[in-house]
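Summary of structural features
Take a look at the letters that make up each chain.
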Amino acid sequence: MSRTKRNQQVQPPSSAVRPEAELESRLAAALSAAFPNIPREELVEQRRFTVRLGHETHEFDSAAQWEKSGRADVIIFHDGRPLAVVELKREDLELTHADYEQAQSYANQLTPRPPLVVVTNGRETCIYDANTGQLWSGEQDAANAVARLLANAAKLAAADMRWATEALMGRETGVWVQIVRSATTRLLTEMTDPPGQSDRAFAELLLFPRLSTSAVIKSAQAGTTFVIVEGAAQNGKSSCLRELALRTRDSEDLAVLMLRGSGPGLFQSLANLFSIELEWNLTANDARQWLRRMSTGPAGPALMLAIDDVEQDTPMAADLEELASLRPGNKLNVILTTDRAERLVKAPNGRTQTAVGARAEVIEIGPLKLEEFQSAQRALANRKIHFQQGAEYAEDYRAPWVLRTIYDDAARNPRHQYPNSALLLPPALGMELVDAARRNYANQTDLLRGYRVLARCTLADEGARSAELAIAAANGFVVRHDALSAEARHAVAELKSKGAVHTYRHAGGEDIIVPTIPAAFLSELADAAGDELARRATADPQEAGTWLGHRLAAMYLGDVIGAQAIRSMAEKTGGISSGIIDSLLAIEPTEEPIGNALVAMVAPDGRLIHLKIEGEKAWLSNRHGDVVGEPVDLGAEQPHTLGNTTAWMILGQLARLPTAIVGDDSQRMDAMVLLNIGRCPFPLLRANEEGLGHFVHDLGDRGRVLCQDQGPIEAATQAMADLFSRPWTHADAWVNAAIETGSLPLLHRLTIALRTVLLRNVPDLSDWANLALKERVLPTLTATIQGSDCSGRGAVHNAD
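Calculation criteria
- Residues numbered from 1 in each chain as written.
- Predicted model: local features only at pLDDT ≥ 70, side-chain atom pairs only at ≥ 80, totals over all residues.
- Heavy atoms only, no water.
- Pairing = 2+ DSSP bridges.
- Helix = DSSP H or I, 4+ residues; strand = E, 2+ residues; numbered from the N terminus.
- Axes fitted to C-alpha atoms, helices over the stretch in contact; angles between N-to-C directions.
- Parallel < 35°, antiparallel > 145°, perpendicular 65-115°, else oblique.
- Left-handed = near helix turned anticlockwise from the far one by under 90°.
- Contact = heavy atoms within 4.5 Å.
- Nonpolar A, V, L, I, M, F, W, Y, C, P; charged D, E, K, R; others polar.
- Core = buried A, V, L, I, M, F, W, Y, C linked by side-chain atoms within 4.5 Å.
- Buried < 20%, exposed > 50% of the residue type's maximum accessible area, 1.4 Å probe, protein only.
- Polar contact = N/O pair within 3.5 Å; in protein donor to acceptor, adjacent residues only side chain to side chain.

Sheet topology places strand E23 (residues 608–614) next to strand E24 (residues 617–621); five bridges connect them, and they run antiparallel. The partner of Ile613 across the bridge, within E24, is Ala618. Hairpin geometry of E23 and E24 is characterised by an intervening segment of two residues between the two adjacent antiparallel strands and by a positive phi of about 60 degrees at Gly615. Hairpin connection, E24 to strand E25 (residues 627–633): the antiparallel pair is bridged by five residues, and Gly625 has positive phi, about 90 degrees.

Helix packing for two helices is described by the angle between their axes and how far apart those axes are. Running from N to C, helix H24 (residues 646–654) and helix H25 (residues 669–677) cross one another at 140 degrees; their axes reach a closest spacing of 9 Å. On the basis of their axis angle, the class for H24 and H25 is oblique. For the pair H24 and H25, the sense of crossing is left-handed. Across the interface between the two elements, Trp648, Leu651 and Gly652 of H24 pack against Val673, Asn676 and Ile677 of H25. Looking at the contact of H24 with H25, its residues break down into four nonpolar, two polar and no charged.

On to the sheet that holds strand E19 (residues 501–505). The strands making up a sheet associate through backbone hydrogen bonding, with each pair oriented either parallel or antiparallel. Strand order across the open sheet formed by three strands is E18-E20-E19, with antiparallel pairing between neighbours. The open sheet is flanked by strand E18 (479–480) and E19, the only strands paired with a single partner. Strand direction decides the pairing type here: E18 and strand E20 (residues 511–515), joined by two bridges, are antiparallel. Note that in E20 the partner of Val479 across the bridge is Ile513.

Across soluble globular proteins, nonpolar side chains show a tendency to be buried alongside one another. Of all hydrophobic cores here, the largest spans 119 residues; its most connected members are Tyr397, Trp401, Tyr451, Leu454, Phe724 and Trp734. For this core, the element with the most residues is helix H20 (residues 518–539), which contributes 11 residues. Residue contacts for Tyr397: discarding those within four places in its chain leaves Phe373, Phe387, Ala391, Val402, Leu403, Ile406, Leu425, Pro426, Pro427, Ala428 and Leu429. In this structure, Leu266, Phe267, Leu282 and Ile307 belong to the second largest nonpolar core, which totals 55 residues.

A word on the environment of Lys89. Along the chain, Lys89 turns up in strand E6 (residues 81–89). Given the relative accessible area of 7%, Lys89 is considered buried. Excluding anything up to four places from it in sequence, Lys89 contacts Arg26, Trp66, Gly70, Arg71, Glu94, Leu95, Asp99, Thr120, Asn121 and Gly122. One polar contact links the side chain of Lys89 to the main-chain carbonyl oxygen of Glu94, over a distance of 2.5 Å.

Function cannot be read off these values alone, since they describe shape.
Written as structure tokens, this is what we have:
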């Protein structure tokens, strides 16, 4: 009864034979062996055909298959009806039961279904009855046997479609690759906003290449089973998965299936997905077994599960832990994103590793590094959004959520769609970010209401915090759980259910809440600060300004929030109290050497380290001051600390708004502020932790100033340039007043500002700036430097 034949006459073709000719030769030999009594001209082959799985159709091209892998699938017709699916393999490839299953699965998906399945490698040919799966014997009267098969085919019961789908989703076929990539494409579409909307994770026409994505691919290819991408909210974790899927969509090594971390868990999520996409009804256990099968075997690319936003103590986290304990093979990689990797890689006791942790590598993603920011600049330039000189020095622009906020606002503006329109961003971030955030989230009232409650608690929180949390609060928005009101605790529950906040215990030991939409929280925090400022100013404007300068001193984007708070108060009350401005001016910045002290700082790798400093020596220590190792001699390079900078940085931001006493243009509040804060003896900038230091000229006891080639990267210098870029009858008088101060830092900032006005090509005003620069400012600056004891030394600093 066996219909297995040995075909010794088939010889390996010459390497010079074209793939199509080789395939033709192999197919002719296979048909001759399978159906020796049927004339060749009665057998018609179809080398391209489609198979439908669920909602999708997949096309198979036998010639392309043969050229790529040395195997091909062909449908054979007899008398106009499908007779057989033929699975051809090269003679050096052994026949396996999987070959039959693959061909059988194709047959089961076709209508009408071919009654026979033929598998052959040239040396051996096997023919199966597609209905019973048994070897078929018809050689005594092949023509009549074939006729009977075709006549009975229409009467046979429908194929077991579940079995066929399972076979087609096996590693031996290429169908599963198309299926998972198609599912990933659909999820990315669901998570992507059209231009100008801010509701979803991605913007349709915006993606910044990240170095972390390359690191993820490299780690997976090196054999790491679990790769965890860790980072703060809206730092680009989800975009890393998006970029990963897009970069590998044509890869022969990796096929990405992207899933959400929320929901019923990994195995049930897969079962649900395949039920919807393929009409393939699975249980969670079926999905578990499918993953195990997919993790082994030599054929096809590795399956990469890309799971977005996995939190501790969720069904997804539990299933990933189970998957790790099953020890999957090297054909399965799991890439997941989370805010805090430690909660997934360590047990609750904080010491032992979890099963995931034992097989995982953690890759941190943070603000854009210089080359990433330069790529982002090019991407935004393609959308007609450009940066002025010096933007690369501003750390604030390195936050991906900031660039997304700016892009969404520009894309929403109808004027931005005009052919010759473009947006030119200042070299340092200002209140325009708050304006953009307000417009982007204006319709999300429930979100904003919840964030407003949290913002009030943040401003009212005067409790002690650890060094770790203090550093975190200077670099992102965090709210202490212990500072929440009863109303805020209810708001947190609502916000968490919508994914608008994450909660966890910080490294310093405090329980905290982190808003996951920083732009919306920024807007509400600035408005809440404005309301509180107005309330305090009603009683005592001086005290209100002092409160603002000190309360925002250690807060992320405190200068922008403070300036916006003053503007918000002015919009609601009709003016700005001079008492607030005077009290902010009274908080003068300081620079002092660090004496005997214990200092906490963030290392380049993100670790918090402590230094114990005594005299001219420094030791690494723990948080209690217990030293480790040998001391470092600080010598003349004794570190300094800057204090009270936020109040004047707030004024620098505020001075970018034209402000004057009503009816008296000579009494410009912005001009008065700039004449004072412009004399600060060191740059008023936040530290840039991403490796691009500011070049600073050391003027000895006269202070330090930024290199003029870097442009107006201080808010105060930008404000000066804006002041002189608009007509003002008292501009010359202001320049003269600045010269009369004899302040080298002020004259230096004025030089940068006038050069900026010159570069802007403002009619008449650029010529005026050039004349003022050459005839008054530069001669005075040169004479002052020569007449002082300034060394003019240069140095690179992360002006912190």
